[in-house]
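Topology and contacts: notes
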Amino acid sequence: MIKRLLLPLLFLSPLVNADSGSRLIASGGIAGFEGTAGGGITPWAFIGGYTSKEEISYSANVQYLSLNDYSLTTAGAGISLFDRVEISVQRQRLDISAGLTSNVFALLTEGAVTNANSATIEQDIVGAKVKLFGDGVFTQNSWVPQVAIGAQYKKNRDFDSSLSLPDGTVPLPEIGVPLLLGAKDDSGTDVYVSATKLWLGTPSGYNLLTNLTARYTKANVFGLLGFGTEENDNAKLEWEGSLALLISPTTAIGTEFRTQTNRLGGLAEEDTVVDAFIAYFPNKSISITAAYVDLGNLPLQESSSGFYLSVNGNF
């Protein structure tokens, strides 16, 4: 999918600014783990990259998050048009250790099966964001933020992918981890509104970024565990936020949060996600972000925290 997106972008390359755009460095944020520009776990109203109203740019990203018996790898690409529209695609892969899947089978079979293979859950995300009004960087004589609206269509590729045992048998045909835990659908669309403001020279000569995002969604654990349940299939409003301080022209530190509606319960009870990050922007072409992320509870892993690394390129 990523290759298919990059091919048409190559034809647009004559329109791309050779210096990666005209906006201030770091003002486009990074591509988060869902592919949308902003922080690592929440979108911002800023359009990704550094394009002005006359420019087009494209981007690529890769991320890795280690969570003990879980690990999440994501990669994607995007295009930004005239500081107004952003389009992105992202592939996510969640790897689940054999120890965890074995524990799931042991619970389901009351100890009759205690050994199972590792499992993976993959998800594709297609995102679009449009700036509605405001300029969160250059309009410093007003408190009004930049506001954007966006959508992320998510498709879980392993909703009904069967789990197998080491001998090759499949005790639960066409039942994947999301379905096993009670999810109803394999796809869904998140709709969000973000308001973002960069306060130049505040506080004490530094630049401070504030962001608040409202998301309407029925995703379970971002969609990696499917969407909705038979008992609770309605989308709910969730809140996300970012606070970042640019301690130098090329370095930002900050924190984020993201609430989650607990639909599945039981083993898959969801918690609010928080992180603390440091992002380095040596130039407008690349950024590197490291973070400590706490997802709270994941199935059979009550304390799920670990380190996140993201590399973004703008062209």
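The structure this text deals with has already been given above.
Residues numbered from 1 in each chain as written. Predicted model: local features only at pLDDT ≥ 70, side-chain atom pairs only at ≥ 80, totals over all residues. Heavy atoms only, no water.

Some remarks on empty space enclosed by the protein
According to the stated counting rule, one finds 6 cavities of 30 Å³ or more in the structure shown. In this model, the largest cavity occupies a volume close to 330 Å³. For the largest cavity, the lining is made up of 26 residues, of which Tyr 70, Leu 94, Leu 225, Leu 298 and Pro 299 are closest to its centre. The set of elements that each furnish at least two residues to the lining of the largest cavity consists of strand S3 (56–67), strand S4 (70–81), strand S5 (85–96), helix H2 (98–108), helix H3 (177–180) and strand S15 (286–298). Residues of the lining of the largest cavity, tallied by class, amount to 25 nonpolar, 1 polar and no charged. (1 Å grid on protein atoms, 1.4 Å probe; cavity = no way out; pocket = protein on both sides within 12 Å on 5 of 7 lines; lining within 4 Å. Points joined across faces, edges and corners; volume = space filled by probe spheres on them. Helix = DSSP H or I, 4+ residues; strand = E, 2+ residues; numbered from the N terminus. Nonpolar A, V, L, I, M, F, W, Y, C, P; charged D, E, K, R; others polar.)

Concerning the sheet that holds strand S6 (residues 119–133)
Pairing is antiparallel around the closed barrel formed by 12 strands, whose spatial order is S3-S4-S5-S6-S7-S9-S10-S12-S13-S14-S15-S16. Strand-to-strand, the axes of this sheet are offset by a mean angle of 20°, without reference to chain direction. Across 9 bridges, the pairing between strand S9 (residues 187–199) and strand S10 (residues 207–217) is antiparallel. Looking at S10, one finds that Thr 196 is bridged to Asn 211. (Pairing = 2+ DSSP bridges. Axes fitted to C-alpha atoms, helices over the stretch in contact; angles between N-to-C directions.)

Focus on unusual backbone geometry
Following Thr 202, the chain continues to Pro 203 via a peptide bond in cis, the omega torsion being 5°. With respect to the element layout, Pro 203 can be found in the loop between S9 and S10. Despite not being glycine, Phe 82 shows a phi value in the positive range, around 55°. Residue position: Phe 82 is located in the loop between S4 and S5. Its identity is not glycine, yet Phe 222 carries a phi of approximately 65°, on the positive side. Along the chain, the position of Phe 222 falls in the loop between S10 and strand S11 (227–229). Overall, the relative accessible area of 7% leaves Phe 222 in the buried class. (Buried < 20%, exposed > 50% of the residue type's maximum accessible area, 1.4 Å probe, protein only.)

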